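Report on the structure
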Amino acid sequence: RSGAAAMNTNGRGLDTPGLVDSNTYSSNISYFQIDTTGNAATFGTIPFGVMDNAGTEALSGRCMFIGGGRYSSSNYNSMHYISSTQSVGGTGSDFGDLATRRRYVAACTNGTRALIWGGAGHATYSNTLENRFNSEYVTIATTGNASNFGTYTYARWMPASTSNGTRGIMISGYVVGASGSNYTYNYTFSNIEYNTISTTGNASTFGNLQYYARNFDAASGN
């Protein structure tokens, strides 16, 4: 599956849905026990197929599936959740909505709150992308719509994100830059920004990668 993300919760690794082939979008969630080698199995589903969404989890085992989109339609602002401790075969439930539709979005957590940032504002590669400078957040234990968290310096899509339980960092990705009245993709980027997840506010510069990284980045933290 293309455009899938992953999360770790209660000793299980779960992934998010993604693109199966040129026009087939999976709604399946797979899982495996991290301390036992072996193949993944189907865990459950969310209500519809999507790609380029974000995944993150709470200490309680509630897993979030955030945003995403399809090549042939608009981006989604929907969020769904599922408990990683439930019986295999369940379907994710509606959590609430993002303030903005986001595809190629990233998220991280401090175990209680999910910080959501990055993402492009249009479903296809075009010169009419909306810039994304704002981050959003939800308290994972309480369903509802996302609230504004703050802003960051560079609008970007396909960033990586991770947390050590206190700070969340957003890493690299493609920059979305203004060009007249339209927006364009600029490929190379190495910037890292961070926030303290428990406190709303604007992101600060953390540093830079040694090399430019531009899409489908991944990161993990302790």
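Check the entry above for the structure.
Predicted model only: the values in this text are computed from it and were never measured. (Residues numbered from 1 in each chain as written. Predicted model: local features only at pLDDT ≥ 70, side-chain atom pairs only at ≥ 80, totals over all residues. Heavy atoms only, no water.)

**A few points about the sheet that holds strand E8 (residues 62–66)**
The antiparallel open sheet is built from 4 strands, whose spatial order is E7-E8-E9-E11. Two strands close off the open sheet at either side, each with one partner strand: strand E7 (54–57) and strand E11 (93–97). With direction set aside, neighbouring strand axes in the sheet form an average angle of 25 degrees. Direction of pairing for E8 relative to strand E9 (residues 78–83): antiparallel, over a ladder of 5 bridges. In the strand pairing of E9, Arg62 is matched with Ser83. (Pairing = 2+ DSSP bridges. Helix = DSSP H or I, 4+ residues; strand = E, 2+ residues; numbered from the N terminus. Axes fitted to C-alpha atoms, helices over the stretch in contact; angles between N-to-C directions.)

**Looking at the pattern of salt bridges**
This structure, assessed with the given rule, holds 3 salt bridges. For the salt bridge of Asp52 with Arg103, the shortest nitrogen-to-oxygen distance reads 2.7 Å. A residue pair is termed long-range when its members are at least 10 positions apart, and Asp52 in the loop between strand E6 (41–45) and E7 and Arg103 in the loop between E11 and strand E12 (106–109) qualify at 51 residues. Exposure remark for Arg103: the relative accessible area of 0% places this residue in the buried category. Two residues, Glu193 and Arg156, come together in a salt bridge whose shortest N-O distance is 2.6 Å. Here Arg156 lies in strand E16 (residues 156–157) and Glu193 lies in strand E21 (residues 191–196), a separation of 37 residues in the sequence. (Salt bridge = Lys/Arg side-chain N within 4 Å of Asp/Glu carboxyl O. Buried < 20%, exposed > 50% of the residue type's maximum accessible area, 1.4 Å probe, protein only.)

**Re the nonpolar core**
With 15 residues, the main nonpolar core has Met64, Ile66, Met79, Phe95, Leu98, Ile116 and Val138 as its most contacted residues. Those residues in contact with Ile66, other than ones at most four positions away along the chain, are Asn53, Ala54, Thr56, Ser78, Met79, Leu98, Val105, Ala107 and Ile116. Counting 11 residues, the second largest nonpolar core, distinct from the first, contains Met7, Leu14, Phe65 and Tyr76. (Core = buried A, V, L, I, M, F, W, Y, C linked by side-chain atoms within 4.5 Å. Contact = heavy atoms within 4.5 Å.)

**A look at the packing of aromatic side chains**
We describe a pair of aromatic rings using the distance from one ring centre to the other and the angle between the two ring planes. In the structure shown here, the tally under the stated rule is 7 aromatic pairs. Residues Tyr104 and Trp157 carry aromatic rings whose centres are separated by 4.6 Å and whose planes lie at 55 degrees to one another, so their mutual orientation is tilted. With Tyr104 in the loop between E11 and E12 and Trp157 in strand E16, this pair connects stretches of sequence that are 53 residues apart. With relative accessibility at 5%, the residue Tyr104 sits in the buried group. Ring geometry for Tyr194 and Phe206: centres 5.9 Å apart, planes at 80 degrees, overall edge-to-face. Here Phe206 lies in strand E22 (residues 204–208) and Tyr194 lies in strand E21, a separation of 12 residues in the sequence. A cation over a ring is seen here: Arg62 above Tyr81, with NZ or CZ 4.0 Å from the ring centre. In this structure, Arg167 packs its charged tip against the face of Tyr194, placed 4.1 Å from the ring centre. (Phe/Tyr/Trp six-rings, centres within 6.5 Å; stacked < 30°, edge-to-face > 60°. Lys NZ or Arg CZ within 6 Å of the ring centre and 35° of its normal.)

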